[in-house]
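Structural overview for review
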Amino acid sequence: MTHVYLSACGRNLLVLSAFTIAAAGCASVDGTTGKTSARATNSTVGGAKVAQQRTPLPKKKPRARRHVAAAPAKAPPNSVVTGALPSPKETRLRGARVGVTRAERAPSPSRSIGRTRGYAPTRGAARTHAAAPPPGAVLTRSAAPTRSFAPAPPRFRSAVPAVTRAQPRAPEPFETLSVHWGTNRNVIRAQHTGSGSTYRPARFGKRRTAQLTTGVARITVPRIDRSVGDIPRPRKITLLSVALYSASEDPTRHFTIGELTSLSREAFIASVKGEMGRSENYRGHCFVYVHGYRNTFEDAIFRTAQLAADMKFDGGIFAFSWPSQGTVAGYLTDRDAADSSQLAFQEFVETVSKRSACRKVHLIAHSMGTRLVVDAFFPALGRSPLQSLSNIDQIVLASPDIDAAVLKTRARAIGDFSRTVTLYANGKDDALKWSKRAAGGYERAGDVINGVPTVVTGIDTIDLTPMKQATWVFLGGNHNGYATKSHILRDIALLMKSGVRPPQQRFAIFEPVRGTTGTFWRYVQN
């Protein structure tokens, strides 16, 4: 008969039978000294006592005591820890367990740097806590197992919880452009008054005067939610010229007048030179914008700022506002007002050309404003004093509302002009169709008849008819393409900056077309 006896000692099992009795010895380890002791058990076999010694178990590696160092001093604000990045284990043990090391193994410099960040004690030496860093110092890491303090470089470490990354500054929701202006309108309020909600800008009417008034306007242009060519303004509801509702102005959403005031000639020139000194991309360049029919003084200033913003033009920005009525019914009055503004316009251009810091002065005229520019620069008889200005560079005629035959009679004066004249025409310009009817059916210079625009020697004529047009028909439909189409704005900017011509060398979207009246260029739809 066999007896089975199970004895558990530690993790060892003994099997006992009637013939063999084994004594199990359990090894114990003294955690302090590391010595192993055997415990024997005596059993009886056949009436005799037999002592059997168990083979001692292998010695276990003593467990190291853990040394918990004092938490490192918190890094002061705006400081960083320099040196090698912490090891993954150090990152896990960061906090209350920073500086854990094995007592039985002397740390090598490389391991102490990665594991203990300079806190590992030397074998047999007394363990002490590192001294707290002085105020204002930042932590650095070196090969020696000690801490040092030095100025931090301009960088950030996400592993250091006491340091936060500097947030990038958000761009302003709008930009402010300075538009220097001249006008021969009647003055309603010459100087601005008040401040904040009580601010009132200078104001000008629609009647003609013989005096030139100059000044400056600070226009805010929103950067968010605005398409190229758009001039968003607060909603306004009127009935019979009476305002029933007007929304508040918001510079983050609307074009607004931050400042508008008149300046003497000396103050005007000083202000222009101050703005020109901040120019970078168009250093020494200026452009003068001349508006067209049905524009108020504020309309002219806003359009000038929009052109500069969409062309990224940072040179001198100027506007000349002749006394347009600003109404649909004022077409004939506007034509006479433009013709009578030549002397004031010449005085303004001469002031900008001779007394400012402009090395190159460009002119951008639109619609009926081209009548004023053509008559001032290219009179039917004699020579204009403006042609003697050596820094007059590019002249742009956008959708010119001038009789095509009148423009052709100025071909000799235009040919004698050493600089470039560029004309943008459009066969789908609704405003010029109405102007043609009002002029007795005579062709406008900015119109395209049977696929052929007005071609004059000395003028680069560009046909924009193939460009995507507005599908609705209105009085001013497709009349402002020079200011609302990104391709045309880019072409004008390149023309002013480089002066490259003919147009196909400046922009690949134009192709030359040889017609019976001469060569012109046509926009290639892409």
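Structure report, in brief. (Residues numbered from 1 in each chain as written. Predicted model: local features only at pLDDT ≥ 70, side-chain atom pairs only at ≥ 80, totals over all residues. Heavy atoms only, no water.)

**Section: helix α7 (residues 369-377)**
Counting buried residues in α7 gives 9 out of 9 residues, a clear majority hidden from the surface. Those residues of α7 that sit buried are Gly369, Thr370, Arg371, Leu372, Val373, Val374, Asp375, Ala376 and Phe377. (Buried < 20%, exposed > 50% of the residue type's maximum accessible area, 1.4 Å probe, protein only. Helix = DSSP H or I, 4+ residues; strand = E, 2+ residues; numbered from the N terminus.)

**What to know about the packing of aromatic side chains**
Counting across every chain of the model gives 17 aromatic pairs. For the pair Phe320 and Phe348, a centre-to-centre distance of 6.0 Å together with 40° between the ring planes defines the contact as tilted. Remark: Phe348 occurs in helix α6 (residues 342-355) and Phe320 occurs in strand β15 (residues 316-321); sequence separation between them is 28 residues. Its relative accessible area of 0% is what places Phe348 among the buried residues. With 6.2 Å between their ring centres and 45° between their planes, Phe377 and Phe378 make a pair best called tilted. Taken together, Phe268, Phe318, Phe320, Phe345 and Phe348 form an aromatic cluster joined through their ring pairs. (Phe/Tyr/Trp six-rings, centres within 6.5 Å; stacked < 30°, edge-to-face > 60°.)

**Details of the packing of α6 against α7**
Orientation of α6 relative to α7, taken along the N-to-C sense of each, is 75°, at an axis distance of 10 Å. Considered as vectors, α6 and α7 are oriented roughly perpendicular to each other. Each of Gln342, Phe345, Gln346 and Val349 in α6 lies in contact with α7, whose residues at this interface are Leu372, Val373, Asp375, Ala376 and Phe377. Of the residues in the contact of α6 with α7, the class split is 6 nonpolar, 2 polar and 1 charged. (Axes fitted to C-alpha atoms, helices over the stretch in contact; angles between N-to-C directions. Parallel < 35°, antiparallel > 145°, perpendicular 65-115°, else oblique. Contact = heavy atoms within 4.5 Å. Nonpolar A, V, L, I, M, F, W, Y, C, P; charged D, E, K, R; others polar.)

**Thoughts on helix α12 (residues 486-498)**
With 13 residues, α12 should cover 18 Å at 1.5 Å per step; its first-to-last C-alpha distance of 18 Å lies within 8% of that length. Burial in α12 covers these residues: Ile488, Leu489, Asp491, Ile492, Ala493, Leu495 and Met496. In the stretch just after α12, Gly499 is the one whose phi turns positive, near 70°. (Expected span 1.5 Å × (residues − 1).)

**Comments concerning the sheet that holds strand β9 (residues 174-189)**
Here we have 11 strands laid out as an open sheet, ordered β13-β10-β9-β15-β14-β16-β17-β18-β21-β23-β22, and mixed in their pairing. The two strands at the open ends of the sheet, each matched to only one other strand, are β13 (256-263) and β22 (510-514). Mean inter-strand twist for the sheet, computed between neighbouring axes without regard to direction, equals 25°. Looking at chain direction, strand β17 (residues 392-398) and strand β18 (residues 421-425) are connected through 4 bridges and run parallel. Bridging from a neighbouring strand, Ile395 pairs with Val421 of β18. The strands touched by helix α3 (residues 265-276) within the sheet are β9, β10 (203-222), β13, β14 (285-290) and β15, with β10 carrying the most contacts at an inclination of about 30°. (Pairing = 2+ DSSP bridges.)

**As for the pairing of β15**
Regular strands place side chains that alternate from one sheet face to the opposite one. Here β15 lies mainly inside the structure; 6 of its 6 residues are buried. Here 4 bridges tie β9 to β15, and the two strands are oriented parallel to one another. Across the sheet, Thr183 pairs through a bridge with Ser321, a residue of β15. Bridge count for β14 against β15 is 5 bridges, and the pairing is parallel. Its bridge partner being in β15, Phe287 is matched across the sheet by Ile317. For the crossover that starts at β14, traverses helix α4 (residues 297-310) and ends in the parallel β15, the hand is right-handed. (Right-handed = clockwise from strand over helix to strand, strands pointing away.)

**Some details on the side chain of His362**
Mapping His362 onto the fold places it in strand β16 (residues 360-366). A relative accessible area of 1% places His362 in the buried class. At 3.5 Å, the side chain of His362 and the side chain of Asp393 are in polar contact. Apart from the residues within four sequence positions on either side, His362 is in contact with His285, Cys286, Phe287, Val288, Asp393, Gln394 and Met496. (Polar contact = N/O pair within 3.5 Å; in protein donor to acceptor, adjacent residues only side chain to side chain.)

**Things to note about unusual backbone geometry**
A cis amide bond, omega 5°, links Arg501 with the succeeding residue Pro502. Along the polypeptide, Pro502 turns up in the loop between α12 and α13 (503-506). One non-glycine residue with positive phi stands out, namely Ser399, at about 50°. By the element assignment, Ser399 lies in the loop between β17 and α8 (404-409). Relative accessible area serves as the criterion here: at 7%, Ser399 is assigned to the buried category.

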